[in-house]
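Given next are the chains, with one letter for each unit.
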Amino acid sequence: MTQPASAPTVSTAGPSEPLLQVEDLRTHFETPRGIVRAVDGVSFTLARGKTLGVVGESGSGKTVLSRSIMGLLPKRGTIREGSVRFDGTEITELSPKEMRDFWGARMSMIFQDPMTSLNPVMKIGKQITESIRQHLDVDKKYANELGENLLRSVRIPEPEQRLKEYPHQLSGGMRQRVCIAVALACGPALLFADEPTTALDVTVQAQVLDLMATQQRERFMAIVLITHDLGVVAGRADEIAVMYAGRIVEKAPTSVLFSDMKMPYTEALLSSIPKIEHPSHTRLNTIPGRPPNLVTPPQGCKFAPRCTYVQPRCLEEDPPLMPGTQPGHEYRCWFPVGTPEGAEALARNRADQAVTGGAA
Amino acid sequence: MPAPPPDDIPIPGPEGQRDLDRYAEDSLDSGLAVAQTQLYVSAVEVGGEGRRRGKGLGLGAWLAIGWLTFIVAVSVLAQLGILPLKSPTESFSECARLGPFAKEGTAPGHLLGCDSNGRDMIARMAYGGWSSLVVATGAVLFGLVFGGILGLLAGFFGGKIDAVITSVFNVFLAIPAVVLALALVAFLQGAASSGSGGDNVDPKLLLILAIGIVSVPLLGRITRASALTWSQREFVLAARAQGAKPMRIMVREVLPNVVPAMMSIALLAIAIAIVAEGTLSILGVGVRPPTPSWGNIIGLDRGRIKESPHIVFLPAILIFFTVLSLNFLGDVVRAKLDVRESAV
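Residues numbered from 1 in each chain as written. Chains lettered and ligands numbered in written order. Predicted model: local features only at pLDDT ≥ 70, side-chain atom pairs only at ≥ 80, totals over all residues.

## Overview of the sheet that holds strand β8 (residues 222–227) of chain A
All names here are of chain A. What the eight strands build is an open sheet, ordered β6-β7-β8-β3-β9-β10-β12-β11; its pairing is mixed. Every interior strand has two partners, whereas the edge strands, β6 (107–110) and β11 (322–323), have only one. Two strands pair when backbone bridges link them, and strand β3 (residues 51–55) and strand β9 (residues 239–244) are joined in this way by four bridges, in the parallel orientation. Bridging across to β9, G53 finds its partner in I240. Docked against the sheet, helix α6 (residues 172–184) engages β6 and β7 (190–194), running at close to 170 degrees with respect to β6. (Pairing = 2+ DSSP bridges. Helix = DSSP H or I, 4+ residues; strand = E, 2+ residues; numbered from the N terminus. Contact = placed C-beta atoms within 7 Å. Axes fitted to C-alpha atoms, helices over the stretch in contact; angles between N-to-C directions.)

Rendered as structure tokens:
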């Protein structure tokens, strides 16, 4: 279960260009309060068959990032800049009409809430075969067979029966599997999973994630797994990007991120996961404060107001993405965790706190 | 329409059966097994009954359905000439203005009396029902089709399309409905007679168009509101992410979800249209005499309400109960649909 999704090491030698290449993607929304910088300069690459975990709090821009890459955001009031290359094509310049050949067929998406992402008045079978018939040009009978096989492959019992049922006749976990089946119907090369397990029971969560991993292996499909739960991506992503205030604040191969994190935000996220070995009634670690206002973000490091390592420099200068000691590791921090500067900063803050605490 | 959610129906599944078995085994020793099992079973049955009654339509709705069935059946059968009715246009001058159950000087058979021209009230009301129902249903169908299309476009696409359609709706809604309908009838009549060189156009058709056009913005706004909320649901985005075309999403994903709201409002709209037809007939621009409609029966003899009140009140009672039934059913349908929406 904790095996990375790409366990049987398939050769990734394929075409020289990565499947998805996002460069300095910015997505801003015009609102009455001002321009919201929901995604503010995100870059990453994703190879075929690999998984990128995108982690962050609510409002950190994870969902907007995925929809912006796919081009699913409404045109009105949205400013999208930067470059998204998918399989060698620059897709930011394509019209929705041209994008329709990519949507469903080559890139697809699973949503958070399976209760709302299926049409309540349409039979499961119809919902699955719709996109098959749109993209693959097959007759109804064959599409139905494909649909049945898809349901079987996502381990839904009695698939031929289920095809004739409506979404409300299925449980939450089953609905999410149907959503996965819909998303996989045309064999996309890239799958966005936007918090696919957040609305599900913990026991079902693992099943759904395992199912996605299996499908990924069988189809050699790349996945962008979006979640607020580091635990979900820990064993499943090849690489993890931590997002904060619309930016990637730390990005590293999974093992590097967990062993050698540099960003205080990542550390704080990790320490806020309850541990099984903690005695009961242990107070959970939380990150004080809230994510910054994206209309008028603070000067300097966006995380500084909530950071335990914060120094005067953090409030004034915005740290750029700096390379870590290991390949593929990048972070934004002036006083990184696990370095002498970081330790010193933390020690200074603790001492200050003790003094002010004692005075009060 | 999907079947009701299975989890709402208390069917004792395998687990319930297992509980039952265990329960029976445990209490076998005490010799109470039979009694307790029966208790258990009857409890299940009572629960089932209660649920079913709660899910039923209720007495009022059945009365409403009964009344509407009766009205529709009589109107249709009268029109087909199957019912043993007198002619609605034949005058029995000797019994003009006679009330129901009148004794002196009448030809037998005018159970509910005659109007001021001596025409049989039962026949006029039966045939008049046809006019009223055809006009009301036709107008609402017209309103549903055009209001539905416009509302769906406005709610689904939003933006400029929505702005244009909504402003047109608002302009129409700002004109008092009766004035607008009167103006439309006059205009359409003129257009029809100048177009075809004579007034051989069925006045019912003119009324359908006039009331239909008045109802377009009302039904359109409701459709728009419903389409707007459904268009923002995630399954619409999911369909887009699967590469579905906008028209396809509108027709296949949004429309089926909007239809229930339109249907429940359609019943209320038919009720309003019946009243509207009556109003226009009373004002003298409705179904043209001697063809009866509920409205023009009242309209023709509204001056004689003192000496022969039955001529005005009998059709008024028919309108009253029909409109009441439609309103009541509309509410029942809406309540049922709301439950279903929240359950999904």
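Don't stop here, the text continues.
## Describing helix α3 (residues 59–80) of chain B
If you check α3 of chain B, its first and last C-alpha atoms are 31 Å apart, about what 22 residues at 1.5 Å a residue would give, namely 32 Å. One or two steps after α3 of chain B, the chain reaches G81 of chain B, where phi turns positive at roughly 80 degrees. (Expected span 1.5 Å × (residues − 1).)

## Considering the interface of chain B and chain A
In this complex, chain B contributes 20 residues to the contact, which on the side of chain A involves 26 residues. Taken together, the elements giving at least two residues each to the side of chain B that touches chain A come down to α8 (234–241) and α9 (246–282) of chain B. At six residues, the largest contribution of residues to the side of chain B that touches chain A is made by α8 of chain B. Here the residues of the side of chain B that touches chain A are counted per class, giving eleven nonpolar, four polar and five charged. (Nonpolar A, V, L, I, M, F, W, Y, C, P; charged D, E, K, R; others polar.)

## Re the pairing of β9 of chain A
All names here are of chain A. Burial analysis of β9 places six of its six residues in the buried class, the great majority of the element. What you see with β9 is no split at all: E239, A241 and M243 on one side and I240, V242 and Y244 on the other are buried throughout. Where β9 meets strand β10 (residues 247–253), six bridges bridge the pair, whose relative direction is antiparallel. Residue pairing across strands places Y244 opposite R247, the latter belonging to β10. In sequence, β9 turns back onto β10 through a hairpin of two residues, with A245 there showing a positive phi of about 50 degrees. (Buried ≥ 20, exposed ≤ 12 C-beta atoms within 10 Å, placed from the backbone.)

## Re the confidence of the model for chain A
Residues and elements named next belong to chain A. Residues at a pLDDT of 70 or more form 94% of chain A, whose mean pLDDT is 86. When the elements of chain A are averaged for pLDDT, helix α12 (residues 340–359) gives the smallest value, 80, and β3 the largest, 94. In the model, residues 1–14 has pLDDT below 50 throughout and makes 23 contacts with residues more than four positions away in sequence or in other chains. (pLDDT = per-residue confidence, 0-100.)

## Comments concerning the pairing of β10 of chain A
Residues and elements named next belong to chain A. Of all the seven residues making up β10, six are buried; the element is thus mostly covered by neighbouring parts of the structure. Both β10 and strand β12 (residues 330–331) contribute to a ladder of two bridges, which runs antiparallel. What sits directly across from K251, in β12, is E330.

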